[in-house]
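# Chain and residue survey
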Amino acid sequence: MTDTMRAISQDSLGGPEVLHEVELPRPLPGPSQLLVRVHAAGLNPTDWKHRAIPGLFLPAPPFVLGWDVSGVVEAVGFGVTLFAPGDEVFGMLPYPHGHGSLAEYVVGPARAFARKPAGIDHIVAGATPLAALTAWQALVDTANLEAGQRVLIHAAAGGVGHLAVQIAKSRGAYVIGTASAPKHEHLRALGADELIDYREVDFAQVVREVDVVLDTLGEENSHRSLPTLRPGGLLVTIRAGAQDDLRAAAAERGVRFAALLVEADHAGMNAVADLLAAGTIRPTIAGVFPRAEAAKAHAIGETDRTLGKLVVTMR
């Protein structure tokens, strides 16, 4: 093991072309941290947004993006008892400031990781954490979704959406999803009970009496979703916006509102690992790219037309 590593970095904000391969010092694990030799790193919309848009969570570049990671523990810092060198792990680096998985090695808190189930490979594991944790924290931790409840999932074919469909079904919920018609067959196979082609049908006119709405699209869509909720129902958004306006509008209708920012979560990762091991959830892999083609993966991802997750392999 050398003292340096290869990583995908950027010196300025902009399009995929700002991404380039660099050589950086290999990090060392601090107290309660793991050093992970990265095999695969999933991409998420937050990656291309932080690559291009100023004023988000991160300071100005240079930086190495990436929050999803699957790999092998190379070394552990003082105080780590859960893992040892050689363990296969996967997890989400603490969002937003723990980024850096588009590299050969990364450090992160030991409790941001879980053991990778033996029956899945690093590509599947690397595609899962951020999207699955977001869906889990929205539907389980926040909404406490129960069997028999009705949930409306927007952008159901997206990275968060298609895993949210599977998690909701694992809880015994009735799942309504919005997605373009070509993606309906795949979503039915994942368990969706009812699908709405947003290009042809206005969901706000046809959906009523749902217990939970998971909105991944933004403020306008959240406002239009409020009438679909039954009294006392809950809208969970994962998009920033005018939260005070939404909270007030929800209160006027007698429904609840919550805005979620995904958190690194050892218990949540263990729950996700159990679902993966049981075959209850599985990310759809839209494409796999070697490290040298990370910019290409970004370009494809930001078209918002992919079904499932894109993954960059680091080895």
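Up top is the structure.
All of the points below concern the structure found in this document. (Residues numbered from 1 in each chain as written. Predicted model: local features only at pLDDT ≥ 70, side-chain atom pairs only at ≥ 80, totals over all residues. Heavy atoms only, no water.)

This part takes up the layout of surface pockets. Considered as a void within the structure, the second largest pocket measures approximately 180 Å³ in volume. In terms of lining, the second largest pocket is formed by 15 residues, of which the most central are M5, V64, H99, G100 and V106. Contributions of two or more residues to the lining of the second largest pocket are made by β1 (4–10), β4 (63–64) and β7 (105–109). Looking at the lining of the second largest pocket residue by residue, the classes come out as eleven nonpolar, four polar and no charged. (1 Å grid on protein atoms, 1.4 Å probe; cavity = no way out; pocket = protein on both sides within 12 Å on 5 of 7 lines; lining within 4 Å. Points joined across faces, edges and corners; volume = space filled by probe spheres on them. Helix = DSSP H or I, 4+ residues; strand = E, 2+ residues; numbered from the N terminus. Nonpolar A, V, L, I, M, F, W, Y, C, P; charged D, E, K, R; others polar.)

Moving on, we come to the nonpolar core. Nonpolar side chains tend to gather and get buried jointly when the protein is soluble and globular. F113, L139, V151 and L187 are the most contacted members of the largest nonpolar core, which totals 85 residues. Element by element, the count of residues in this core is highest for helix α3 (residues 129–142), at nine residues. Core analysis: the next-biggest nonpolar cluster, separate from the first, contains 16 residues, L229, L235, L246 and A250 among them. (Core = buried A, V, L, I, M, F, W, Y, C linked by side-chain atoms within 4.5 Å. Buried < 20%, exposed > 50% of the residue type's maximum accessible area, 1.4 Å probe, protein only.)

Inspection of the secondary structure puts T216 in the loop between β12 (210–215) and α7 (219–225). Among the residues examined, T216 registers a relative accessible area of 13% and is labelled buried. Within the structure, T216 has its side chain in polar contact with the backbone oxygen of H154 (distance 3.4 Å). Once residues within four sequence positions are removed from consideration, T216 is found in contact with H154, A155, V160, I238 and R239. (Polar contact = N/O pair within 3.5 Å; in protein donor to acceptor, adjacent residues only side chain to side chain. Contact = heavy atoms within 4.5 Å.)

Bringing the sheet that holds strand β11 (residues 194–196) into the picture now. Judged by pairing direction, the sheet is parallel, and its six strands sit side by side in the order β11-β10-β9-β12-β13-β14 without closing on themselves. Edge positions in the sheet fall to β11 and β14 (256–259), since each of these pairs with one other strand and no more. For this sheet the average axis-to-axis angle between neighbouring strands, irrespective of direction, equals 15°. (Pairing = 2+ DSSP bridges. Axes fitted to C-alpha atoms, helices over the stretch in contact; angles between N-to-C directions.)

Another point: unusual backbone geometry. Following P61, the chain continues into P62 via a peptide bond in cis, with omega recorded as 20°. Tracing the chain through its elements places P62 in the loop between α1 (45–52) and β4. Cis geometry marks the peptide bond from Y95 to P96; its omega dihedral reads 5°. Tracing the chain through its elements places P96 in the loop between β6 (88–92) and β7. Even without being a glycine, N144 presents a positive backbone phi close to 50°. Assignment of secondary structure puts N144 in the loop between α3 and β9 (150–153). You will see that E209, though not glycine, has its phi angle at about 60°, which is positive.

Relative orientation of the contacting elements α3 and helix α4 (residues 159–170) amounts to 50°, with a least axis distance of 8 Å. When the axis of α3 is compared with that of α4, the two are oblique. Handedness of the α3/α4 crossing: right-handed. Residues A131, A132, T134, A135, W136, L139 and V140 of α3 form the contact with α4, whose participating residues are G159, V160, L163, A164, I167 and A168. Taken together, the residues of the contact of α3 with α4 break down into eleven nonpolar, two polar and no charged. (Parallel < 35°, antiparallel > 145°, perpendicular 65-115°, else oblique. Left-handed = near helix turned anticlockwise from the far one by under 90°.)

Below, the discussion takes up helix α9 (residues 266–278). Taking 1.5 Å per residue as the helical rise, α9 with its 13 residues ought to reach 18 Å, and the 18 Å between its terminal C-alpha atoms agrees with that figure. Buried within α9 we find H266, G268, M269, A271, V272, A273, L275 and L276. Buried positions along α9 lie against β6, β8 (113–115), α2 (122–127), α3 and α4. Of the residues that open α9, the one with a side-chain oxygen 3.2 Å from the backbone nitrogen of A267 is D265. (Expected span 1.5 Å × (residues − 1).)

For T178, the position within the fold is in strand β10 (residues 174–178). For the pair T178 and V201, spaced 23 residues apart in the sequence, the C-alpha separation amounts to 9.5 Å. Once you skip the residues sitting within four places of it in the chain, T178 turns out to touch L152, I153, H154, A155, A156, I196 and F203. A distance of 3.1 Å separates the side chain of T178 from the backbone nitrogen of A155, its partner in a polar contact.

On to the pattern of salt bridges, then. All chains considered together, the criterion is met by 14 salt bridges. When the shortest N-O distance is used, the salt bridge between E21 and R291 registers 2.9 Å. In this pair, E21 sits in strand β2 (residues 20–25) while R291 sits in the loop between β15 (285–290) and α10 (294–301), placing the two residues 270 residues apart along the sequence. Since its relative accessible area comes to 18%, R291 is described here as buried. Notably, a salt bridge pairs R51 with E302, separated by 2.8 Å at the nearest N-O pair. (Salt bridge = Lys/Arg side-chain N within 4 Å of Asp/Glu carboxyl O.)

Bringing a nonpolar patch on the surface into the picture now. Together, I53, L56, F57 and L261 give the surface a local cluster of nonpolar side chains, amounting to about 330 Å² of exposed area. Note that L261 resides in the loop between β14 and α9. (Patch = residues over 30% accessible without salt bridge, like charges linked within 9 Å, V, L, I, M, F, W, Y side chains within 5 Å. Areas by Shrake-Rupley, 256 points an atom, 1.4 Å probe, with all protein chains shown as cover.)

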